[in-house]
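Descriptive structure summary
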Amino acid sequence: AILRELLALRDRDGVGLLFITHDLRIVPRLADRLFVMHEGQLVEDLPADRLNQMSSDHARALWKATARISGGVL
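My aim in this report is to walk through the structure given alongside it, one point at a time. Given the structure is predicted, the values throughout are model-derived calculations rather than measurements.

Right, let's talk about the overall build of the protein for a bit. Counting its secondary structure elements, the protein contains three helices and two strands. Counting helices and strands in the order they occur from the N terminus, the protein gives α-α-β-β-α. Reported as C-alpha extents along the three principal axes, the dimensions of the protein are approximately 35 × 30 × 20 Å. Considering the protein as a whole, with its 74 residues, one finds that 27% of them fall into the buried category. Of the contacts made within the protein by residues no fewer than 6 positions apart, 23% connect residues no fewer than 24 positions apart. Within the structure as shown, the protein displays about 5600 Å² of accessible surface, and the carbon and sulfur contribution to it stands at 52%.

Let's shift gears to the nonpolar core. Core analysis: the biggest nonpolar cluster contains 10 residues, these being Leu24, Val27, Leu34, Val36, Leu46, Ala48, Leu51, Met54, Ala59 and Leu62. Residue assignment for this core shows that the elements contributing at least two residues are strand E1 (33-38) and helix H3 (57-69). When near neighbours in sequence (up to four residues on either side) are disregarded, alanine 48 contacts Val27, Pro28, Ala31, Asp32, Arg33 and Leu34.

Attention now moves to H3. Between its terminal C-alpha atoms H3 stretches 19 Å, which fits the 18 Å expected from 13 residues at 1.5 Å a residue. Along H3, the residues that are buried comprise Ala59, Leu62, Thr66 and Ala67. Buried positions in H3, seen along its axis, are confined to an arc of 140° and lie on one side of it. Looking at H3, the residues exposed on the side facing more than 90 degrees away from the buried face are Asp57, Lys64 and Arg68. Positioned one or two residues after H3, glycine 71 has a phi angle of 70°, which is positive.

Moving on, we come to the pairing of strand E2 (residues 41-47). Consecutive side chains of a regular strand alternate in pointing toward one face of the sheet and then the other. As defined by bridge partners, E1 adjoins E2 across six bridges and the pair is classed as antiparallel. Bridging from a neighbouring strand, histidine 38 pairs with glutamine 41 of E2. With antiparallel pairing between neighbouring strands as the criterion, E1 and E2 make up a hairpin whose turn holds two residues, including glutamate 39 at a positive phi of roughly 50°.

Reading the values: the criteria
- Residues numbered from 1 in each chain as written.
- Predicted model: local features only at pLDDT ≥ 70, side-chain atom pairs only at ≥ 80, totals over all residues.
- Heavy atoms only, no water.
- Helix = DSSP H or I, 4+ residues; strand = E, 2+ residues; numbered from the N terminus.
- Buried < 20%, exposed > 50% of the residue type's maximum accessible area, 1.4 Å probe, protein only.
- Contact = heavy atoms within 4.5 Å.
- Areas by Shrake-Rupley, 256 points an atom, 1.4 Å probe, with all protein chains shown as cover.
- Core = buried A, V, L, I, M, F, W, Y, C linked by side-chain atoms within 4.5 Å.
- Expected span 1.5 Å × (residues − 1).
- Arc of directions from axis to C-beta.
- Pairing = 2+ DSSP bridges.

Now the structure itself:
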């Protein structure tokens, strides 16, 4: 239900969202861009529909962690 509300807000004119998550499965549905931070540093910046192109070690580790908690379903 919360995700539906966030999607509705995102689609309104003049509304921007900053959504912070460790669950990368949500990113392509909700975001235009993905930023991955590690220890206060930006380590990844790419369009949200290109998660498979993450190149930093920390971003790939987050991807693997997401796969583990989701039972391998990404």
